[in-house]
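# Descriptive structure summary
Spelled out, the chains give:
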Amino acid sequence: MLSIPLISIITPALNEEQDLPNLLNDLVDQTEKRFEVVVVDGKSEDHTKEKVMNFAKKLSVKFIVVEKRNVSFQRNTGAANASSDYLFFLDADTRLEKDCIKKIVKHTLKDGKLLYLPYIVPSRQTVFNRFIFKISVWGVVALNKMNKPYSFGPAIVIQKKLFERIGKFDEQAYVSEDHNLVIKAHKAGVKPTLLPDVSTIYSMRRFESEGMFKVMGQYAVFIIMTLFKGVIYKSSIEYKMGGQEHNKNKS
């Protein structure tokens, strides 16, 4: 690997011993190798650290433990410890196609835009899931065309200098901190560049553990609130974090 990576992949973690290794395996298999991985762990109570460090000989990995269990805080901590000019934020349960990093790096080197949004596809490829995700993607594309910035979720690529200039992730946000980051960039004069040629695989584990229609309803409420308020600081809807919340029913 180069001493200075072309992109830093930042992943917050909390009890992710089951799903995070899948993402790390995907990163090992990437056709583009010039990247680093920064995992910021909120003092997991399982074997997350051991699972991550098993990849230390295959990947350039930084494992940082913090006391505060807060997705935005953990992402901001990862960004502060990143070495590259571009940050790629991913959740621990995300999966990647083999040429994902290659395509992103190609975009950053070729056109040098400041903010990119890769598309999303569902981890479980049922007809219903594909339909719902196509509608969701279409909605995000339409909103951005209407000058109402919105993201596809946590898969965001952003120049580090811009990230710092617009104030990073809002650590007081309850949810929608990823959408709020795109909104803040837009207010600073930076529109997101959508990447239909780059797909990240969005985990369906929350839908499967909590119920498809329940989660869809929650997301619908959060979308409406975000469009009107920009960021959600509190909500009557409980939004659980951590791998243990979604994997405990697996057997």
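Residues numbered from 1 in each chain as written. Predicted model: local features only at pLDDT ≥ 70, side-chain atom pairs only at ≥ 80, totals over all residues. Heavy atoms only, no water.

### Things to note about the overall build of the protein chain
Counting secondary structure elements, the protein chain contains 10 helices and eight strands. A compact globule built from 251 residues should have a C-alpha radius of gyration of about 18 Å, and the protein chain, at 17 Å, falls within 12% of that. Projected onto the principal axes, the alpha-carbon positions of the protein chain cover approximately 45 × 45 × 35 Å. With 251 residues in all, the protein chain has 53% of them scored as buried. Long-range pairs, those at least 24 residues apart, make up 78% of the contacts in the protein chain between residues at least 6 apart in sequence. Element-wise, carbon and sulfur atoms account for 54% of the exposed surface of the protein chain, whose accessible area totals about 12,400 Å². (Helix = DSSP H or I, 4+ residues; strand = E, 2+ residues; numbered from the N terminus. Rg over C-alpha atoms; globule rule 2.2 N^0.38 Å. Buried < 20%, exposed > 50% of the residue type's maximum accessible area, 1.4 Å probe, protein only. Contact = heavy atoms within 4.5 Å. Areas by Shrake-Rupley, 256 points an atom, 1.4 Å probe, with all protein chains shown as cover.)

### A look at the pattern of salt bridges
Taken as a whole and judged by the stated rule, the model has 14 salt bridges. Notably, a salt bridge pairs Arg 95 with Asp 26, separated by 2.6 Å at the nearest N-O pair. One end of the pair, Arg 95, is in strand β5 (residues 95-96); the other, Asp 26, is in helix α1 (residues 20-28), with 69 residues separating them in the sequence. Between Arg 69 and Glu 45 there is a salt bridge whose closest N-O contact spans 3.2 Å. Taken together, the residues Arg 69 in the loop between β3 (61-65) and α3 (71-80) and Glu 45 in the loop between β2 (35-41) and α2 (48-53) connect sequence positions 24 residues apart. (Salt bridge = Lys/Arg side-chain N within 4 Å of Asp/Glu carboxyl O.)

### Concerning α1
Along α1, the positions that sit buried rather than exposed are Leu 20, Pro 21, Leu 23, Leu 24, Asp 26 and Leu 27. Contacts made by the buried residues of α1 are with β1 (7-13), β2, α2, β5 and α4 (100-110).

### Brief notes about the pairing of β1
Most of β1 is tucked away, with seven of its seven residues classed as buried. Of the two faces of β1, the one holding Ile 7, Ile 9, Thr 11 and Ala 13 and the one holding Ser 8, Ile 10 and Pro 12 are both buried throughout. With seven bridges joining them, β1 and β2 adopt parallel strand pairing. Following the sheet pairing, Thr 11 is matched in β2 by Val 39. (Pairing = 2+ DSSP bridges.)

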